[in-house]
Amino acid sequence: MLEVKYFKDYKHNYMILRCGQEQAEKSYQSRLLTSGRIEGILRCSLRHVNGESYFYYNISSRATLEGLYRGRQMTAQQIRELLEQLYGIYCELGNCFMEESRLVLLPEYIYYDMSRKKYIGLYYPDYETDKPYEALMDFLLEHLDGRDEKLADCIYTIYERMEESSFSLQDALQLLGEDEEESEQGKVVVFPSLPVDSEEKTVTPTFSPEPVEEEGSHRFEEEKASVPKKRKSLLYLVLTVFSVLGIAGTACIYGFYELSEQELMTLFGCGGLLVVCLLVGIVGTVRGGVKEVRRKQEKEKAESFPEEESFYLSEQTPICLEEVLSRKMEMNPAVPMKNTVPQIPFQTQEANENYADTVFFDSARTVEYKLYALDKKNKKHIELSKFPYTVGKMAGCVDCVLADDSVSRIHARFEKVGDKIQMTDMNSTNGTYRNGLRMQPQETVEIEPGDEIRFGNVNYCFR
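Residues numbered from 1 in each chain as written. Predicted model: local features only at pLDDT ≥ 70, side-chain atom pairs only at ≥ 80, totals over all residues. Heavy atoms only, no water.

(A) Structural context of the overall build of the chain. On a plain count of helices and strands, the chain comes out with 10 helices and 20 strands. Among the 463 residues that make up the chain, the fraction classed as buried is 31%. In the chain, once contacts between residues fewer than 6 apart in sequence are set aside, the share between residues at least 24 apart is 55%. Carbon and sulfur atoms make up 53% of the accessible area of the chain, which amounts to about 32,500 Å² in all. (Helix = DSSP H or I, 4+ residues; strand = E, 2+ residues; numbered from the N terminus. Buried < 20%, exposed > 50% of the residue type's maximum accessible area, 1.4 Å probe, protein only. Contact = heavy atoms within 4.5 Å. Areas by Shrake-Rupley, 256 points an atom, 1.4 Å probe, with all protein chains shown as cover.)

Have a look at this one:
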């Protein structure tokens, strides 16, 4: 294991590793590493503190491979992209006459740049290991998609061949390529037969799978539908601005120039037309703003009031008379009339026995962990429904999306260890705070009910 420390200055996050070489400034590897000429590895600077030398690696706004896939699975395409980019880093190091064995292939030190969508390796001149690929292959075996049997067989084959002395990432890519070629050759396009009904002359398909709606498709449709409305409101705004400029220009011409009667009539006509355009632009802009406010209010109401459970039963649900009557009584409770004797429903001996039993209620199972928003503009509470649970603004990579400019793409992670909840800062740019104290990059702290948590400029209270 590497002895790693983390440091945060005003703008950057750094990972610190001690330099064991004497006169590191004169070493070829250290000079080339700190020059920043090698693509695909972390940018590094050499600093001297108290008579010792340290490598400062810039890890700002980057997530580790371990943190990126914590609690998630990797597909064959994602594994192939990872190995291809790592192999590209190997080739780049070889072209620069650097020792490839110094590249750290531990999942917690392989970083991913969200903006460029590329993996970045850690090159440490003092790194030594007998099995450079073992930790990476263990990680892939643990996080591969178990439903893909061919991928699992391929990774197991790579794991077995990893013990060979001549094994390299190129061999792993060749095995993955052979697996993809076999899967493509094994695919057979089958067109389902469509039997024709001779009497009604209608075509009835034998099998019609229901389309699966991808997550976020409704949101994309809503954004797509709202684009022309935004363009329309923007057009009204542009029309208003140009009308104001035109009226100002008309007034300047009238004030500074002597015009004939015909020119005055033309100028007044243009001025009147510009006034009409100005009124149209103002009305359109105001109406667009009112519609936008109403749309936001309707959206908030729809999110705050979930749909009620339908009283009607589906066709596949077995109908029980007692259940239907009980649900009807719950929805429409009868109001007792005066001077009437309440009716006691008939109950069998078996029903009485069931009603007499009391089920033990385990309160430990119903413990909820939530982050309650403290800002007036932010009304979104965060429910920690599963662990690990990640927070950030990059949809698809985090469990909870916070649409705020001060929040990083993958900002923080929550984990449950026993009965305790732990929070880890994921190299966030603007920091993660607990009770006003800023956490160091990759620092893990234990949070308790009542603690104030802050992601950038977004404040929450943990309860």
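That shown, we press on.
(B) Spatial organisation of the packing of aromatic side chains. Within this structure, the stated rule accounts for 12 aromatic pairs. Between phenylalanine 55 and tyrosine 124 the ring centres are 6.3 Å apart and the planes differ by 85°, which places this aromatic pair in the edge-to-face class. Here phenylalanine 55 is found in strand β4 (residues 52-58), whereas its partner tyrosine 124 is found in the loop between β9 (122-123) and α4 (134-143), with 69 residues between them in sequence. A single burial state applies to phenylalanine 55 and to tyrosine 124, both of which are buried. (Phe/Tyr/Trp six-rings, centres within 6.5 Å; stacked < 30°, edge-to-face > 60°.)

(C) Just the pairing of strand β15 (residues 420-425), in detail. Across 6 bridges, strand β14 (residues 412-417) lies against β15 in antiparallel orientation. Along β15, the bridge assignment pairs arginine 413 with threonine 424. The antiparallel hairpin formed by β14 and β15 contains 2 residues in its connecting segment, where glycine 418 sits at a positive phi of about 70°. As paired strands, β15 and strand β18 (residues 444-447) are joined by 4 bridges and run antiparallel to one another. Among the inter-strand pairings, glutamine 422 is bridged to a residue of β18, identified as glutamate 446. (Pairing = 2+ DSSP bridges.)

(D) Examining helix α5 (residues 149-161) more closely. The end-to-end C-alpha distance of α5 is 19 Å, a good match for the 18 Å that 13 residues give at a rise of 1.5 Å each. Listing the buried residues of α5 in full gives Leu151, Ala152, Cys154, Ile155 and Ile158. Down the axis of α5, the buried set is contained in an arc of 165°. They therefore lie on one face. Exposed positions of α5 whose direction lies more than 90 degrees from the buried face are Glu149, Asp153 and Glu160. Where α5 begins, the capping side chain belongs to aspartate 148, and its oxygen is found 3.4 Å from the backbone nitrogen of lysine 150. (Expected span 1.5 Å × (residues − 1). Arc of directions from axis to C-beta. Polar contact = N/O pair within 3.5 Å; in protein donor to acceptor, adjacent residues only side chain to side chain.)

(E) Just helix α1 (residues 28-35), in detail. Three or more residues of α1 are buried, namely Gln29, Ser30, Leu32 and Leu33. In this fold, the buried residues of α1 make contact with β3 (44-49), β4 and β9. Looking one or two places after α1, you find glycine 36, whose phi comes out positive at around 75°.

(F) Just the environment of glycine 431, in detail. Looking at the secondary structure, you find glycine 431 in the loop between β15 and β16 (432-434). Taking the C-alpha atoms as reference points, glycine 431 and phenylalanine 455, separated by 24 residues in sequence, lie 6.5 Å from one another. Not counting residues within four places of it along the chain, the set of residues in contact with glycine 431 comprises His411, Asp425, Arg438, Arg454, Phe455 and Gly456.

(G) Focus on a nonpolar patch on the surface. The grouping of Leu234, Leu237, Val238, Val241, Phe242 and Leu245 at the surface amounts to a nonpolar patch, some 580 Å² of accessible area in total. Its place among the elements puts valine 241 in helix α7 (residues 217-256). Residue class for valine 241 comes out partly exposed when judged on its relative accessible area of 44%. (Patch = residues over 30% accessible without salt bridge, like charges linked within 9 Å, V, L, I, M, F, W, Y side chains within 5 Å. Salt bridge = Lys/Arg side-chain N within 4 Å of Asp/Glu carboxyl O.)

(H) The pattern of salt bridges, seen in detail. Tallied over the entire structure, the rule returns 14 salt bridges. In this structure, aspartate 399 and arginine 72 form a salt bridge, with 3.5 Å as the shortest nitrogen-oxygen distance. Of this pair, aspartate 399 sits in the loop between β12 (389-392) and β13 (400-401) while arginine 72 sits in the loop between α2 (65-68) and α3 (76-95), and the two are 327 residues apart along the sequence. A residue is classified by how much of its surface remains accessible, and aspartate 399, at 27% relative accessible area, is partly exposed. Note that arginine 161 and glutamate 164 form a salt bridge whose closest N and O atoms lie 3.9 Å from each other. With a relative accessible area of 30%, arginine 161 lands in the partly exposed category. Residue classification places glutamate 164 among the partly exposed positions, given a relative accessible area of 39%. Salt bridges here are not isolated pairs; linked through shared partners, they connect Glu66, Arg70, Arg413 and Glu415.

(I) Expanded view of the sheet that holds strand β5 (residues 62-64). Strand order in the open sheet made by the 3 strands is β5-β7-β8, with antiparallel pairing throughout. Each of the sheet's edge strands pairs with one partner strand only, and the pair in question is β5 and β8 (118-120). Adjacent strand axes in the sheet meet at a mean angle of 35° when their direction is disregarded. The sheet contact formed by strand β7 (residues 111-113) and β8 spans 3 bridges and is antiparallel. (Axes fitted to C-alpha atoms, helices over the stretch in contact; angles between N-to-C directions.)

(J) Local environment of the nonpolar core. In this structure, Tyr57, Ile79, Leu83, Leu122, Leu140 and Ile158 are the most contacted members of the largest nonpolar core, which totals 64 residues. The element that contributes the greatest number of residues to this core is α3, accounting for 7 residues. What leucine 140 contacts, discounting residues up to four positions off in sequence, is Met74, Ile79, Leu82, Leu83 and Ile155. Ranked by size, the runner-up nonpolar core spans 22 residues in total, among them Leu371, Cys400, Val458 and Tyr460. (Core = buried A, V, L, I, M, F, W, Y, C linked by side-chain atoms within 4.5 Å.)

(K) Representation of the sheet that holds β12. If you walk across this open sheet you meet the 5 strands as β13-β12-β14-β15-β18, and the pairing is mixed. For this open sheet the edge positions go to β13 and β18, each flanked by a neighbour on one side alone. Sheet analysis places β12 next to β13, joined by 2 bridges and oriented parallel. Opposite glycine 392, over in β13, you have valine 401 as the bridge partner.

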